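A structural walkthrough
Each chain, written out:
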Amino acid sequence: MRVSLPYALTAEVTHRCPLHCPYCSNPIELQKRENELSTDAWLSVLEQAGDLGVAQVHFTGGEPLLRPDLERLVLRAREIGLYVNLITSGVGLTEERIRQLAEAGVDSIQLSVQASSAELADSIAGFRSHELKRQAAHRIRESGLPLHMNVVLHRANLHQIEEIIELCAEWGAQRLELANAQYYGWALRNVDQLLPRREQLQEAEAAYLRARERFGYHLELLWILPDYYEDFPKPCMGGWGKLSLTVAPDGRVLPCTASSEIRSLSFENVKERDLAWIWNDSPSFNAFRGYDWMPEPCKSCDRRELDYGGCRCQAFLLTGDARAADPVCKWSPNRSAITDRIGSIENGEFGTPNYAYRGR
Ligand code: SF4
Ligand code: SF4
């Protein structure tokens, strides 16, 4: 089978983070500092990624600013010709740090925010960070770099969507990702605390559409679908091993950030294999390429070239079989894994959430 070239590398340089978001996409088993790749190993990853055809790198974590060698990695990525995006909580983004990152050549920074009010934001993050984020946004704008922001939306903050959009506009964002929580990792552990009701989502989507009209080109708004309420799954990652790859803090190479939770697969490590072999030839990257691996109902479905049977991680986490149709699909025999959950949310009474905070 002809294998396409990867376009983007997600470099998860650490799992360490001062925040404890209950929807964090990091795996339940977080990598410790002593397992993280060295600076030289990351430099080699970047060089191999450039040789493989990667055009952009997203430095993320955990909190990537906790790596003191981040500027060196950014500099090398730019020398190789990669577009460099930094995804950060903003905690630790001092004036000195932003100056060094800008000098190293970072192209854009994506800053996360948890809610519009400090009280709610800090309670979701499990850390007093909202004011630090405001300062970080100011510093990013002062440095002349474009400010992109993102918020993960869930039951506890959806009602603030208009205020969140206002806040990001006020802080100077040019782009805001309104990302409805995706239920893997910590978010799946907390799903009963995070999943909104359908009505709440519909109101939030209407508010997003109004804001899109109002802000026009001044603030680009992106709405990431809440897939539990869809009839069909998303074409996850644009196809397994098709467009992008992730290198985890310990050097394992993953088709997406959540895939380390698929226990039925083992993932190769850059400490033992080169990136090109892993991308082209490894069993994990070839496991779900093409369509031959699909069981029914996907195998004979007209939509399989649109959604590739949905998300492999979600299929594994909800059914125990990574080959199964994503249970979001209305034709999946496991659809009840979604509908039962939605049913209990629609009928439930909610008090103050009692999250399992990430990394605590
Ligand atoms: S989602 Fe929250 S806890 Fe997870 S890496 Fe981002 S800021 Fe840290
Ligand atoms: S049956 Fe499979 S390919 Fe068809 S829509 Fe559902 S998930 Fe997609």
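All figures in this text were calculated on a predicted structure; none of them were measured in a lab.

We now examine the overall build of the protein chain. Tallying secondary structure elements over the protein chain gives 14 helices and 9 strands in all. Taken over C-alpha atoms, the radius of gyration comes to 20 Å for the protein chain, in line with the 21 Å a tight globule of 360 residues would show. Based on the C-alpha atoms only, the size of the protein chain along its principal axes is roughly 55 × 50 × 40 Å. With 360 residues in all, the protein chain has 44% of them scored as buried. Here the analysis covers contacts within the protein chain between residues at least 6 apart in sequence; of these, 73% occur between residues at least 24 apart.

The next subject is the nonpolar core. In this structure, Val57 and Phe59 are the most contacted members of the largest nonpolar core, which totals 96 residues. Non-local contacts of Phe59, meaning those with residues more than four positions away in its chain, are made with Ala11, Val13, Pro64, Leu70, Leu73, Val74, Leu86 and Ile87.

Around ligand 1 sit Cys17, Leu19, His20, Cys21, Cys24, Asn26, Gly61, Gly62, Glu63, Ser89, Ser112 and Arg358, and those are all the residues in its vicinity. Here the residues of the shell around ligand 1 sort into 4 nonpolar, 6 polar and 2 charged.

One full turn of an α-helix is made of 3.6 residues, so residues set three or four places apart face in the same direction. A rise of 1.5 Å per residue sets the reference length of helix H5 (residues 130–143), with its 14 residues, at 20 Å; its end C-alpha atoms lie 20 Å apart and thus fit the reference within 8%. Of the positions making up H5, those classed as buried are His130, Lys133, Ala136, Ala137, Arg139 and Ile140. The positive-phi residue at the C-terminal boundary of H5 is Gly144, with phi of around 90°.

With that settled, the discussion passes to the UniProt feature "binding site: [4Fe-4S] cluster" (unreviewed entry) in the protein chain. Per the UniProt record, the feature "binding site: [4Fe-4S] cluster" (unreviewed entry) sits at Cys17, Cys21 and Cys24. Considering the arrangement of structural elements, one finds Cys17 in the loop between strand S1 (8–12) and helix H1 (39–52). Overall, Cys17 belongs to the buried group, with 23 C-beta atoms counted inside 10 Å. Leaving out residues up to four positions away in the same chain, Cys17 has contacts with Gly61, Gly62, Glu63, Ser89 and Gly359. Mapped onto the fold, Cys24 is located in the loop between S1 and H1.

This part covers helix H4 (residues 118–125). Looking only at H4, the buried set comprises Ala121, Ile124 and Ala125. With its buried residues spanning 95° around the axis, H4 presents them on a single face. Where H4 is buried, its residues contact H5.

A few words now on the environment of Met1. With respect to the helices, strands and loops of the structure, Met1 is situated in the segment before S1. Along the primary structure Met1 and Arg312 are separated by 311 residues, whereas in three dimensions their C-alpha atoms are 20 Å apart.

Time to look at the environment of Ser143. Along the polypeptide, Ser143 turns up in helix H5. The spatial distance from the C-alpha of Ser143 to the C-alpha of Leu52 is 32 Å, given a sequence separation of 91 residues. Excluding anything up to four places from it in sequence, Ser143 contacts Ile98, Arg99 and Ala102.

Definitions and cut-offs
- Residues numbered from 1 in each chain as written.
- Chains lettered and ligands numbered in written order.
- Predicted model: local features only at pLDDT ≥ 70, side-chain atom pairs only at ≥ 80, totals over all residues.
- Helix = DSSP H or I, 4+ residues; strand = E, 2+ residues; numbered from the N terminus.
- Rg over C-alpha atoms; globule rule 2.2 N^0.38 Å.
- Buried ≥ 20, exposed ≤ 12 C-beta atoms within 10 Å, placed from the backbone.
- Contact = placed C-beta atoms within 7 Å.
- Core = buried A, V, L, I, M, F, W, Y, C linked by C-beta atoms within 7 Å.
- Near = placed C-beta within 6 Å.
- Nonpolar A, V, L, I, M, F, W, Y, C, P; charged D, E, K, R; others polar.
- Expected span 1.5 Å × (residues − 1).
- UniProt positions renumbered as here; feature names shortened; annotations may be inferred.
- Arc of directions from axis to C-beta.

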